[in-house]
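Working through the structure, step by step
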Amino acid sequence: MSTEAEPARGTHFVQSLERGLTVIRAFSAERPSMTLSDVARATDLTRAAARRFLLTLTDLGYVRTDGRLFSLTPRVLELGYAYVCSAGLPDVAQPHLEDLSARVRESASVSVLDGDEIVYVARVATLRIMTVAITVGTRFPAAATSMGRVLLAGFDDEALDTFLTGTELPKLTRHTITDPAELRAEVVRVRHLGYAVVDQELEEGLRALAAPVRDTCGRVVAAVNVSAHAARSSLEDVRERLLPALLETAALIEADLASVARRDAER
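An account of the accompanying structure is given in this report. (Residues numbered from 1 in each chain as written. Predicted model: local features only at pLDDT ≥ 70, side-chain atom pairs only at ≥ 80, totals over all residues. Heavy atoms only, no water.)

**Digging into the overall build of the protein chain**
From N to C terminus, the protein chain includes nine helices and nine strands. Buried positions account for 46% of the 267 residues belonging to the protein chain. Intrachain contacts of the protein chain at a sequence separation of at least 6 include 58% that bridge at least 24 residues. Surface summary for the protein chain: the accessible area is close to 14,100 Å², and the carbon and sulfur share equals 53%. (Helix = DSSP H or I, 4+ residues; strand = E, 2+ residues; numbered from the N terminus. Buried < 20%, exposed > 50% of the residue type's maximum accessible area, 1.4 Å probe, protein only. Contact = heavy atoms within 4.5 Å. Areas by Shrake-Rupley, 256 points an atom, 1.4 Å probe, with all protein chains shown as cover.)

Written out as structure tokens, the structure is:
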């Protein structure tokens, strides 16, 4: 049992919300899938109560079931991404993006995942190399972007398969991967490498390199990238010139996010 004192609960306290969150937190890397009985035991709820919460979470899209086993869906990550943004990710990332952009003389960005799209939350642009102007709030299909693939690489295999099954893969350029099996293999490759390179799949002439930003528990919560024009940056150049600076920037952002989390915890 925890020795920490529980916070005082006022008349505003909604116990059903607490129990719903307890059900979500019951799932973990060690328990990615559970039966109804497993969830009831893990949460100290009755089977009837656990069933109501699980079915409600299923209706809301946060849980899926095959009729026997229950597991979380990627939609749960939206809760974490909302926290990361509200905890100051754009403010933390911006100065690091400015340093990165100045060092490599290329545009740099940070994004999070929202459904099947990435959303830019911080950006430093140099020369415009896309036909579409990219600003904070811009969205692109996650499957065709370097940052999207880094974020998808943070999914476990089951969540990744669910994403690929339910997401359209439009052919944006002649280079775009549109076959789910091929994309899955590429995302698994990104997971092992620790970074993603996308060569002209989002737009002709655009090469992009991305790395994950992790929270203190090691979960991928955001992605940072640099992008360059294919005419002046070969794939070899992208890896040799840009990758070391990009990985260093991702580590610095992670360190600052951890510092913010520690300060918030101490308040």
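Moving on, there is more to tell.
**Quick look at the sheet that holds strand 1 (residues 33-35)**
Working definition: the strands of a sheet are paired by backbone hydrogen bonds and lie parallel or antiparallel to each other. On the basis of which strands lie adjacent, the open sheet formed by three strands has the order 1-3-2 and antiparallel pairing. For this open sheet the edge positions go to strand 1 and strand 2 (63-65), each flanked by a neighbour on one side alone. Across the sheet, the mean angle separating the axes of adjacent strands is 30 degrees when strand polarity is ignored. Here strand 2 runs beside strand 3 (residues 69-72); their pairing, made up of three bridges, is antiparallel. Residue T65 lies in a different strand from strand 3, and its bridge partner there is F70. (Pairing = 2+ DSSP bridges. Axes fitted to C-alpha atoms, helices over the stretch in contact; angles between N-to-C directions.)

**Here we look at helix 8 (residues 180-193)**
With 14 residues, helix 8 extends 20 Å from end C-alpha to end C-alpha; this agrees with the ideal 20 Å at 1.5 Å per step. Listed in full, the buried residues belonging to helix 8 are L183, E186, V187, V188 and V190. On its buried face, helix 8 is in contact with helix 6 (146-153), helix 7 (157-166) and strand 7 (196-199). Backbone geometry just downstream of helix 8 places G194 in the positive-phi region, at approximately 90 degrees. (Expected span 1.5 Å × (residues − 1).)

**Examining helix 1 (residues 15-26)**
End to end, helix 1 covers 16 Å across twelve residues, agreeing with the expected 16 Å (1.5 Å per residue, within 8%). If you check which residues of helix 1 are buried, you get G20, V23, I24 and A26. Taken down its axis, helix 1 places every buried residue within 165 degrees of arc, on the same side. Helix 1 presents L17 and R25 as exposed residues on the side facing more than 90 degrees away from its buried surface. (Arc of directions from axis to C-beta.)

**Details of a nonpolar patch on the surface**
A cluster of nonpolar side chains, namely V14, L17 and L21, defines an oily patch on the protein surface of about 260 Å² accessible area. Mapped onto the elements of the fold, V14 is located in the segment before helix 1. (Patch = residues over 30% accessible without salt bridge, like charges linked within 9 Å, V, L, I, M, F, W, Y side chains within 5 Å. Salt bridge = Lys/Arg side-chain N within 4 Å of Asp/Glu carboxyl O.)

**Comments concerning the packing of aromatic side chains**
Under the definition given, this model contains two aromatic pairs. On the numbers, 5.9 Å between centres and 80 degrees between planes, the contact of Y120 with F140 is edge-to-face. With a gap of 20 residues between them, Y120 in strand 5 (residues 117-124) and F140 in strand 6 (residues 139-141) connect regions that are remote in the sequence. Across the pair, F140 and Y120 agree in class, each one buried. Ring centres of F155 and F163 lie 6.3 Å apart, and the angle between their planes is 80 degrees; on these two criteria the pair is classed as edge-to-face. On the basis of relative accessible area, F163 is assigned to the buried category, the value being 7%. (Phe/Tyr/Trp six-rings, centres within 6.5 Å; stacked < 30°, edge-to-face > 60°.)

**Some words on the nonpolar core**
Membership of the largest hydrophobic core comes to 31 residues, with the highest contact counts inside it found for L89, V110, L209, V224, V226 and I253. Those elements giving two or more residues to this core turn out to be helix 5 (89-104), strand 4 (107-114), strand 5, strand 8 (206-214), strand 9 (220-229) and helix 9 (235-266). The element contributing the most residues to this core is helix 9, with nine residues. Among all residues touching V226, those that are not within four sequence positions of it are L100, V104, S107, A108, R207, A208, L209, L242 and L246. (Core = buried A, V, L, I, M, F, W, Y, C linked by side-chain atoms within 4.5 Å.)

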